[in-house]
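So you can see what is in the structure, the chains are spelled out below.
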Amino acid sequence: MSSNAYIKLVPSSSQQAISTDDLKDLFNYYKEITAKTGDQVDWNYENSAFPYDLKEKEDGKGTWFYLQSSQDRYNAILIGVDKETVVDEDGTEREQSYIQITLPPTATAGDKGKANEFSKFIGKKLQGELHLFNGRVMYFYPRK
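The structure reproduced in this document is the subject of the present report. Keep in mind it's a predicted model, so treat the numbers as computed, not measured.

With that settled, consider unusual backbone geometry. Even without a glycine there, the phi angle at Gln127 is positive, about 50 degrees. With respect to the element layout, Gln127 can be found in the loop between helix H3 (109-126) and strand E6 (129-131).

Structure follows, in structure tokens:
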């Protein structure tokens, strides 16, 4: 059975909308900084830190892509963007963008750990509201 985590871009977030291209840039930046960690400790950490390659299918262009691993402990993570209509406390409706991170039924425990790490990284970068796979919520935006 697949499971999902969501990063919601709330009004206090650093940006209100996101595209798959923005997420791809964040993925590449994440791979780059984890590789630099390996350089600092003089170890090939890049292949262990986040062992995924970005793949995209034609029918998913602009809405979703997936991260595929060639290592035996990992399989895949799906990432997509969408919008939902939410009602604020004062009764007004607004569109809210969110990022959905999905672990397919073939995902391993390693995939879940890496997906949690990456979703926390994205949540911090975008100052969003992260709904984890276990249902807990992490707030990375300034709260009043």
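There is more to say after this.
Turning our eyes to something else, we now look at the layout of surface pockets. Size it by volume and the largest pocket reaches roughly 410 Å³. Residue lining of the largest pocket: 16 residues in total, with Val10, Pro11, Asp88, Glu89 and Arg94 positioned closest to the centre. Secondary structure elements with two or more residues in the lining of the largest pocket: strand E4 (76-87) and strand E5 (93-103). Residue composition of the lining of the largest pocket, by class: 6 nonpolar, 2 polar and 8 charged.

Summed over all chains, the structure comprises 13 aromatic pairs. Ring geometry for Tyr30 and Phe50: centres 5.1 Å apart, planes at 90 degrees, overall edge-to-face. Of this pair, Tyr30 sits in helix H1 (residues 20-40) while Phe50 is found in the loop between helix H2 (46-49) and strand E2 (53-55), placing the two residues 20 residues apart along the sequence. Residue Tyr30 shares its accessibility class with Phe50, and that shared class is buried. Between Tyr30 and Phe121 the ring centres are 4.7 Å apart and the planes differ by 50 degrees, which places this aromatic pair in the tilted class. One end of the pair, Tyr30, is in helix H1; the other, Phe121, is in helix H3, with 91 residues separating them in the sequence. Looking at Tyr30, the relative accessible area reads 9%, which means it is buried. Taken together, Phe27, Tyr29, Tyr30, Phe50, Tyr52, Tyr74, Phe118 and Phe121 form an aromatic cluster joined through their ring pairs.

Quick look at the packing of H1 against H3 now. Interhelical geometry of H1 versus H3 gives an angle of 110 degrees and a closest axis separation of 11 Å. What the angle tells us is that H1 and H3 run roughly perpendicular. In this structure, the crossing between H1 and H3 has a hand that is right-handed. Mapping the contact onto sequence places Leu23, Leu26, Phe27, Tyr29, Tyr30 and Ile33 in H1 and Glu117, Phe118, Phe121, Ile122, Lys125 and Leu126 in H3. Residues that form the contact of H1 with H3 fall into these classes: 10 nonpolar, no polar and 2 charged.

With that out of the way, let us pick up the pattern of salt bridges. Per the counting criterion, the structure on display carries 6 salt bridges. The salt bridge partner of Asp21 is Lys24, with a shortest N-O separation of 3.9 Å. Note that Asp21 and Lys24 are positioned in helix H1 at a spacing of 3 residues, about one turn of the helix. Owing to a relative accessible area of 49%, Asp21 belongs among the partly exposed residues under this scheme. Between Glu32 and Lys36 there is a salt bridge; the shortest N-O distance is 3.7 Å. On the criterion of helical spacing, the pair formed by Glu32 and Lys36 is a turn pair, its members being 4 residues apart in helix H1.

Conventions and cut-offs
Residues numbered from 1 in each chain as written. Predicted model: local features only at pLDDT ≥ 70, side-chain atom pairs only at ≥ 80, totals over all residues. Heavy atoms only, no water. Helix = DSSP H or I, 4+ residues; strand = E, 2+ residues; numbered from the N terminus. 1 Å grid on protein atoms, 1.4 Å probe; cavity = no way out; pocket = protein on both sides within 12 Å on 5 of 7 lines; lining within 4 Å. Points joined across faces, edges and corners; volume = space filled by probe spheres on them. Nonpolar A, V, L, I, M, F, W, Y, C, P; charged D, E, K, R; others polar. Phe/Tyr/Trp six-rings, centres within 6.5 Å; stacked < 30°, edge-to-face > 60°. Buried < 20%, exposed > 50% of the residue type's maximum accessible area, 1.4 Å probe, protein only. Axes fitted to C-alpha atoms, helices over the stretch in contact; angles between N-to-C directions. Parallel < 35°, antiparallel > 145°, perpendicular 65-115°, else oblique. Left-handed = near helix turned anticlockwise from the far one by under 90°. Contact = heavy atoms within 4.5 Å. Salt bridge = Lys/Arg side-chain N within 4 Å of Asp/Glu carboxyl O.

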